[in-house]
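Coordinate inspection notes
Listed below are the residues making up each chain.
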Amino acid sequence: MNESLINPFSITHPTTVQTSLYSLALFARFDPTGRFIAGGRLDGCTVVWDLETRSPVRYLNGHVKSVTSIDWSRYSRFVLTSSKDWNVIVWDLASECDPPQRYTTVRFDAPVVSASFHPRNSNIILALLSTGEVYITDLRKEHRSRVELCEVQGGVEHEDRSRSAMTVARFDSSGKYVFIGTSVGTILVFNTRTKAMIARHKVSGAGLIKGLDFAKSGRRFVTNSSDRTLRQFNVPVYPSTPQEREFLEQELEPTQKFNDPINRTAWHAMSYSPDGEWLAGGAADPAAHKIYIWDISNDGQFASALDGGREPLIHLHWHPKKSSIASTTNQGNVLIWHCPHPERWGAFAGGFEEVDENIVYDEREDEFDIEDEEVIAARKRREEDEPVDIDWADRKANTPDQNGVMDADFAWADEEPDGDSMDFKLKTIVGVGYDM
């Protein structure tokens, strides 16, 4: 049942469009602070908007073909853009010059479908090419390399390499592993440090894997596949020191499935809320802008469907810190959704009356001893549920084991820091005089 029909004041997911940014974007992503949003355009330019002023503050002109993906470093100093022009460009927003100059450029041998920073070090880049190949590029001086992640053949199924092209690649929330979806419905897992394949998971009935997204806690992930179904999985536990050329061959069973049972709509994108309690799916509806919301904390129950008008949706991204979603239309508009909080006058008691001055209220001893049934039920559900820890992955990375030794994979990623720090704040420069 739609949650808004149950209790409109308990909704904690976006419900209404707050503002619209006309940016000619193909897609848009919030930065980790949530104050800025970057949109990649067809002309190869990337625009950074300030959500407080609703004005563009940076124009990143470097590609000669359309931008295919954007990623931010963990503290927003660096921006990564990939393009069909075969290049991945890293921009340093701390640059004194305006517009910012390229910090570094990585060129590949084919158009780049997507690219992303390692969650702990922006000098480590994961890139997926249109030819179905995935590379980890390390720009650090002591580790400089470019390594292709290759699927290990063998095991129960002997699949033809040409039929199992890699279609999506993502770091997990900690950066310790790389998850890769393939065209034959398998998920390959690689160790980021050793580049070795440690697992191959079959997803029954999925077909081509089109998308992957991880909850911030790192404990769950969701896939988008060609059978028009979103599947959520718990992240398996992998051995810390696997044997050489040995990997886990296992079929993954989804904990929940999400789809549109009426229209059987496909999905363009999906995104978790910051606490992992909600999942948003952007429908590939050719005639409408539809976002479906599911309540993960309530067994994946469907919560609501958001209607953004007649411009079809092509991408969405959930705000990293609050109840807000950015969805991009096929006309280049970026809709910013939020959750308004109207005054709850109905919460007052039936005998409520306005007074001219404060009075001392004489409370009965047993007046508030009996709780409302809904409050009791809600408290029991909270006690039964596992506490949400959105910083679990980051704390785990910085916690030594019982012998006082840090995880080798995390220690490796922290070598030669990238210069991105918590103290960085992007200077707001309104883009007067830029070409749109």
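Quick caveat, the model's predicted, so the values are computed rather than measured.

Section: the overall build of the chain
Scanning the chain from N- to C-terminus turns up four helices and 29 strands. Taken over 436 residues, the chain has a buried fraction of 48%. The long-range share in the chain, meaning contacts at least 24 apart out of those at least 6 apart in sequence, stands at 51%. In the form shown here, the chain has an accessible surface area of approximately 22,500 Å², with 49% of it arising from carbon and sulfur atoms.

Overview of the side chain of H317
Mapped onto the elements of the fold, H317 is located in strand β27 (residues 313-318). Using a relative accessible area of 12% as the deciding quantity, one classes H317 as buried. A polar contact of 3.5 Å, which involves the side chain of H317, links it to the side chain of R29. Looking at H317, its side chain comes within polar contact range of the main-chain nitrogen of F30, at 3.1 Å. Setting aside chain neighbours within four positions, we find H317 in contact with A28, R29, F30, S271, S324, I325 and A326.

Let's talk about the pairing of strand β8 (residues 87-92)
Taken across its six residues, β8 has six buried, putting it largely inside the fold. Burial of the side chains of β8 extends over both faces: N87, I89 and W91 are buried on one face and V88, V90 and D92 on the other. Strand direction decides the pairing type here: strand β7 (residues 78-83) and β8, joined by five bridges, are antiparallel. The residue bridging F78 from the neighbouring strand is D92, located in β8. When β8 meets strand β9 (residues 102-107), the two strands line up antiparallel, connected through five bridges. Its bridge partner lying in β9, N87 is registered against R107.

Thoughts on the nonpolar core
For soluble globular proteins, the rule of thumb is that nonpolar side chains tend to be buried together. Ranked by size, the top nonpolar core spans 17 residues in total, and within it L126, V134, L149, V178, I180 and F190 carry the most contacts. Of all the secondary structure elements, the ones that give two or more residues to this core are β11 (121-129), β12 (134-138), β14 (166-171), β15 (177-182), β16 (186-191) and α4 (408-413). Leaving out residues up to four positions away in the same chain, L126 has contacts with S114, A115, S116, V134, Y135, I136, L149, A169, R170, F171 and V178. Within the second largest apolar cluster, 16 residues are counted, among which are I187, A206, F214 and F233.

Thoughts on the sheet that holds strand β19 (residues 220-225)
Taken together, four strands build an open sheet; the order of strands is β18-β19-β20-β22 and the sheet is antiparallel. Looking at the sheet topology across the chains shown, the edges are occupied by β18 (209-214) and β22 (256-258). Direction aside, neighbouring strands of the sheet carry axes that sit 20° apart on average. One ladder, built from three bridges, connects strand β20 (residues 230-234) with β22; its direction is antiparallel.

Regarding the UniProt feature "repeat: WD" (unreviewed entry) in the chain
Under the UniProt annotation, the feature "repeat: WD" (unreviewed entry) is placed at residues 60-95. End-to-end, the C-alpha atoms of residues 60-95 are 12 Å apart, and along that stretch the chain is 0% helix and 56% strand.

Quick notes on the confidence of the model for the chain
Of all residues in the chain, 79% attain a pLDDT of 70 or more, and the chain-wide mean is 85. Of the regions scoring below 50 in pLDDT, residues 156-162 engages in nine contacts with residues more than four places distant in sequence or in other chains. Overall, residues 432-436 carries pLDDT values under 50, and its contacts beyond four positions in sequence, including any with other chains, amount to nine contacts.

Digging into unusual backbone geometry
Excluding glycine, residues mostly have negative phi values, and the peptide bonds linking residues are mostly trans. With a phi close to 75°, S76 is a non-glycine residue in the positive phi region. As for its position among the elements, S76 is in the loop between β6 (67-72) and β7.

Notes on the sheet that holds strand β2 (residues 25-30)
With antiparallel pairing, the four strands of this open sheet are ordered in space as β2-β3-β4-β5. Each of the sheet's edge strands pairs with one partner strand only, and the pair in question is β2 and β5 (55-61). Across the sheet, the axes of successive neighbouring strands diverge by a mean angle of 25°, strand direction being ignored. Relative to β5, strand β4 (residues 45-50) runs antiparallel, the two being bridged by six bridges. Paired with C45 across the strands is N61, a residue of β5.

Criteria and cut-off values
Residues numbered from 1 in each chain as written. Predicted model: local features only at pLDDT ≥ 70, side-chain atom pairs only at ≥ 80, totals over all residues. Heavy atoms only, no water. Helix = DSSP H or I, 4+ residues; strand = E, 2+ residues; numbered from the N terminus. Buried < 20%, exposed > 50% of the residue type's maximum accessible area, 1.4 Å probe, protein only. Contact = heavy atoms within 4.5 Å. Areas by Shrake-Rupley, 256 points an atom, 1.4 Å probe, with all protein chains shown as cover. Polar contact = N/O pair within 3.5 Å; in protein donor to acceptor, adjacent residues only side chain to side chain. Pairing = 2+ DSSP bridges. Core = buried A, V, L, I, M, F, W, Y, C linked by side-chain atoms within 4.5 Å. Axes fitted to C-alpha atoms, helices over the stretch in contact; angles between N-to-C directions. UniProt positions renumbered as here; feature names shortened; annotations may be inferred. pLDDT = per-residue confidence, 0-100.

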